[in-house]
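The residues making up each chain are set out below.
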Amino acid sequence: MRSSLRTSHFQYHIIAVEINYPSQPGPIGVFDSGYGGLTILREIRKALPQYDYLYLGDNARAPYGSRSFDIVYDFTREAVDELFRRGCHLVILACNTASAKALRTIQQHFLPISDPDRRVLGVIRPTVEILGKVSKKRHIGLLATPGTVRSHSYRMEIQKIYPGMEITEQECPMWVPLVETGEFNGDGADYFVKKYIDQLLLADPEIDTLILGCTHYPLLLPKIRQYTPGHIRILPQGELVAESLKDYLRRHPSMAERCTSGGTVEYLTTESPERFDPLASLFMNTPIHSSRITL
Ligand code: DGL
């Protein structure tokens, strides 16, 4: 099999790199730019505890939120390739920015030349699908990284499934840094949490449903709730993604057979474990011992 190097947004060059991914069943890969994907992994494990999981956080290169399409694609493709090499047949991009900027290109261009039988799934579709059931006013607010907002992936997905539904998008450039630095509970976080929520609700006071379109944001949830009027519903992205994965594996038994079920989790980070483990342990509510890798 061959791998591709992308030199510009639409140009691909095939290079003669042999990829020998292990063919035996392996863990389910869960990828994020940093810690945020742990909020998705936590819910996936609750819904599907029987499987083995391999988590990869690209903490050394996080945040992805303000990076260009090309860079987010390159970083995400490297991570997916690494998880495939380590035996995963199914990888979840537990990152909205990677799902918005890289998923489509990975599905259309990387998988066909790397291994068409492996699968990469994102978090945007499962989040959007539920909107028809939960929003009465059909006015949705999106809080996300600048990258996700500027990709308009949520807007496009909503227009496809629910034409006529209103979406107002708000960039929250300070929220991921607050989480990655462990400042999400601090007093300083209040200013930026309130600021972006106020801006969003000023732009559309009719919003009745809020998408936290970044997997880091559940860590800010107590403060987000504090500054959001009580009648607005905040969607739990982790649970939605977990339910959608459960349904996917039910509908694709041949993929389920290629996922090992020992109930284990292994953590990889591109940062040093000394930095990753304390915060990751806080997120997962259990001691985490990661290994460092380079991509
Ligand atoms: N956790 C990621 C997301 O869901 C991105 C954070 C970042 O690296 O900016 O968008």
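So, a few notes on the structure that sits alongside this text. Numbering of residues starts from 1 in each chain and follows the order in which that chain's sequence is written. At least 70 in pLDDT is required for a residue's local features to be given in this predicted model, at least 80 for side-chain atom pairs to be given and counted, and no such filter applies to totals for whole chains, interfaces and linings, which use all residues. Heavy atoms throughout the structure, all of them, feed into the side-chain values; hydrogens and water do not.

**Things to note about the pairing of strand β3 (residues 28-32)**
In the case of a regular strand, side chains alternate between the two sheet surfaces.
Line of reasoning, step 1. Only protein chains enter the area calculation, which uses a 1.4 Å probe; residues under 20% of their type maximum are buried, those over 50% are exposed, and those in between are partly exposed. For the purposes of this entry, the term helix denotes a DSSP run of H or I that reaches at least four residues, the term strand denotes a run of E that reaches at least two, and both are numbered from the N terminus. Judged by how many residues are buried, β3 sits mostly within the fold: 5 of 5 residues are covered.
Line of reasoning, step 2. The side-chain alternation of β3 yields two buried faces, one formed by Ile28, Val30 and Asp32 and the other by Gly29 and Phe31.
Line of reasoning, step 3. Bridge analysis of β3 against strand β4 (residues 53-57) gives 5 bridges, and the strand direction is parallel. Bridge pairing links Asp32 to Gly57 in β4.
Line of reasoning, step 4. We call a crossover right-handed when, viewed with the strands running away from us, the connection from the first strand over the helix to the second turns clockwise. Chirality of the crossover, the property in question, places the unit of β3, helix α1 (residues 37-47) and β4 among those that are right-handed.
Line of reasoning, step 5. Inspection of the sheet shows β3 paired to strand β5 (residues 90-93) by 3 bridges, in the parallel sense. A strand pair is defined by DSSP finding two or more bridges across the two strands.

**Examining the packing of aromatic side chains**
Line of reasoning, step 1. Note on ring pairs: Phe, Tyr and Trp rings are taken, using the six-membered ring of Trp, and paired if centres are within 6.5 Å. Classes follow the plane angle, with under 30 degrees stacked, over 60 edge-to-face and the rest tilted. Counted under the stated rule, the structure contains 12 aromatic pairs.
Line of reasoning, step 2. Taken together, a centroid distance of 5.3 Å and an interplanar angle of 75 degrees make the contact between Tyr21 and Phe84 edge-to-face. One end of the pair, Tyr21, is in the loop between β2 (11-15) and β3; the other, Phe84, is in helix α2 (residues 69-85), with 63 residues separating them in the sequence.
Line of reasoning, step 3. A ring pair is formed by Tyr64 and Phe75, whose centres lie 5.6 Å apart and whose planes are at 55 degrees; its orientation type is tilted. Of this pair, Tyr64 sits in the loop between β4 and α2 while Phe75 sits in helix α2, and the two are 11 residues apart along the sequence.
Line of reasoning, step 4. Residue Phe75 is classed as buried on the basis of its relative accessible area of 13%.
Line of reasoning, step 5. Ring pairs connect the aromatic residues Tyr35, Tyr55, Phe184, Tyr267, Phe276 and Phe283, which therefore count as one cluster.
Line of reasoning, step 6. Definition used: whenever NZ (Lys) or CZ (Arg) falls within 6 Å of the ring centre and also within 35 degrees of the ring normal, the charge is taken to sit over that ring. For Arg61, the ring lying beneath its charged end belongs to Phe75, and the centroid distance is 3.7 Å.

**Some points on the site of the ligand**
Line of reasoning, step 1. Near is defined per residue: the residue qualifies when any heavy atom it owns lies within 4 Å of the molecule or strand. Close to the ligand lie 13 residues; Ser33, Tyr64, Asn96, Thr97 and His216 are nearest.
Line of reasoning, step 2. Counted as a polar contact is a pair of N or O atoms within 3.5 Å, where, for protein atoms, one must be capable of donating a hydrogen and the other of accepting one, and residues adjacent in sequence contribute only when both atoms are in side chains. Taking Gly65, its main chain carries an N or O atom lying 2.7 Å from an oxygen atom of the ligand.
Line of reasoning, step 3. When isolated, the ligand has an accessible area of 300 Å², and the protein chains bury 99% of it.
Line of reasoning, step 4. As a working rule, the residues Ala, Val, Leu, Ile, Met, Phe, Trp, Tyr, Cys and Pro are called nonpolar, Asp, Glu, Lys and Arg charged, and the rest polar, with Gly in that last group. A class-by-class count of the residues in the shell around the ligand yields 5 nonpolar, 7 polar and 1 charged. The Shrake-Rupley method, run with a 1.4 Å probe, gives the accessible areas here. Residue values count only the displayed protein chains as cover.

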